[in-house]
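# Observations on the three-dimensional arrangement
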Amino acid sequence: MVVEIKKVGVIGAGQMGSGIAHVCALAGYDVALNDISTDRIQSGLASINGNMARQVSKGIIKEDDRTAALDRIKAANSIDQLADVDLVIESAVENEQVKRKIFAQLCPLLKPEAILSTNTSSISITRLAASTDRPERFIGIHFMNPVPLMELVELVRGIATEDETFEKSREFVANLGKTIAVAEDFPAFMVNRILLPMINEAIYTLYEGVGSVEAIDTAMRLGANHPMGPLQLADFIGLDTCLSIMQVLYEGLADSKYRPCPLLVKYVEAGWLGRKTQRGFYDYRGETPVPTR
Ligand SMILES: NC(=O)c1ccc[n+]([C@@H]2O[C@H](COP(=O)([O-])OP(=O)(O)OC[C@H]3O[C@@H](n4cnc5c(N)ncnc54)[C@H](O)[C@@H]3O)[C@@H](O)[C@H]2O)c1
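In this numbering scheme, every chain counts its residues from 1 along its sequence in written order. In keeping with the model being predicted, local features are shown solely for residues with a pLDDT of at least 70 and side-chain atom pairs are shown and tallied solely at 80 or more, while totals for entire chains, interfaces and linings include all residues. To get the side-chain values, all heavy atoms of the structure are used, and hydrogens and water are removed first.

Under the annotation held in an unreviewed UniProt entry, the chain carries the name 3-hydroxybutyryl-CoA dehydrogenase and is attributed to Stappia albiluteola.

The following block contains the structure:
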């Protein structure tokens, strides 16, 4: 069963889901944007609008492209409204139980030939695929944050992913203007397997008092030439997402070197999740970010 991808369903209208809807619509795909919270859909649409306006002002896209792309994105307040899509990109919270529940609800509604993908940062594609009715048409399409700016997409096959699904997904990602790196299905794939232990180590460095938030970020920006310090980056990714990825690495690879730093756990328990909640390793409520330690 060959599917022509024309309409894309995006589940989760958070920072990643709205970015994915943004790039899909600009590339000419119709998009149905779903979230469990209708407020999140509305704020997702507002941020897409604002981000496209910024692209117009910088001369990256034309005003006509922006209006046409915004027209292609429709709010799907109920998951039933994804019944006619050709490709689903699931981008809800990084929690396996939540993702499984979504797939259980979604699969009976979908066309049999539709491709089901996930933007998970770390969870096994094979295991998620096995919880659906279509492991052969299931794949990991892992975008980077912020989606409109970042060029890379990791494509991850599960054990049962068919060649047809892989090729259609590869073609789709290329149409978005992104560059593909193919990763095997192991915990956190490639980028996060390397990046998150570094961020976790930066948090240990803070926890053990080796340096302050500012000192650690300055050290890595100026000493390793990273565009952002690791704690600033953790806030940008979301500390809940960082913790989930470390837990997947720790459990999936059964190696203590991936133990999430207790200070990261504490911040998440406090609900200090980084930029999205206005507080993490920095406090974003004022004019300029202020370190919280
Ligand atoms: N943040 C990053 O840098 C990054 C990068 C690549 C991939 N990812 C992955 O993308 C996914 C989303 O991350 P994010 O940063 O956008 O998180 P986020 O917290 O900004 O957004 C998550 C959204 O999921 C919604 N949601 C929760 N349960 C839902 C359900 N049952 N049905 C529909 N929507 C539901 C929430 O309301 C929220 O709007 C995660 O799997 C994450 O690992 C994140």
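There is more to say, and it comes next.
## Some words on the environment of Leu196
Looking at where Leu196 falls in the secondary structure, it is placed in helix H7 (residues 191-207). Relative accessibility thresholds used throughout: buried, under 20% of the residue-type maximum; exposed, over 50%; partly exposed, between the two (1.4 Å probe, protein chains only). Residue classification places Leu196 among the buried residues on the basis of a relative accessible area of 1%. Put simply, Leu196 and Ala174 are 22 residues apart on the chain and 26 Å apart in space, counted from C-alpha to C-alpha. Any two residues whose heavy atoms approach within 4.5 Å at even a single point are treated as in contact. Apart from residues no more than four positions distant in its own chain, Leu196 is found in contact with Cys242, Ile245 and Met246. Every helix listed is a DSSP run of H or I at least four residues long, and every strand listed is a run of E at least two residues long, numbered separately from the N terminus.

## Focus on the UniProt feature "binding site: NAD(+)" (unreviewed entry) in the chain
Mapped onto this numbering, the UniProt entry annotates "binding site: NAD(+)" (unreviewed entry) at Gly12, Ala13, Gly14, Gln15, Met16, Gly17, Asp35, Glu94, Lys99, Ser121, Asn145 and Lys276. Summarising the element assignment, Gly14 is placed in the loop between strand E1 (7-11) and helix H1 (15-26). Ignoring any residue separated from it by four or fewer positions in sequence, one finds Gly14 in contact with Asp35 and Arg40. Along the chain, the position of Lys276 falls in the loop between helix H11 (262-269) and strand E9 (282-283). Ignoring anything within four residues of it in the chain, the contact list for Lys276 reads Gly238, Asp240 and Thr241. UniProt positions are given in the numbering used here, feature names are shortened, and annotations may be inferred rather than shown by experiment.

## What to know about the packing of H7 against H11
Axis geometry follows a simple rule: fit a line to the C-alpha atoms, using only the stretch in contact for helices, then measure angles between N-to-C directions, giving values from 0 to 180 degrees. Packing of H7 against H11 leaves a shortest axis separation of 8 Å and a crossing angle of 95 degrees. Relative to H11, H7 is oriented roughly perpendicular. Where H7 abuts H11, its residues Asn200, Ile203, Tyr204, Leu206 and Tyr207 lie against Pro262, Leu263 and Leu264. Taken together, the residues of the contact of H7 with H11 sort by class into seven nonpolar, one polar and no charged. Roughly parallel means an angle under 35 degrees; roughly antiparallel means over 145; roughly perpendicular covers 65 to 115; every other angle is labelled oblique. Residues are sorted three ways: Asp, Glu, Lys and Arg are charged, Ala, Val, Leu, Ile, Met, Phe, Trp, Tyr, Cys and Pro are nonpolar, and all the rest, Gly among them, are polar.

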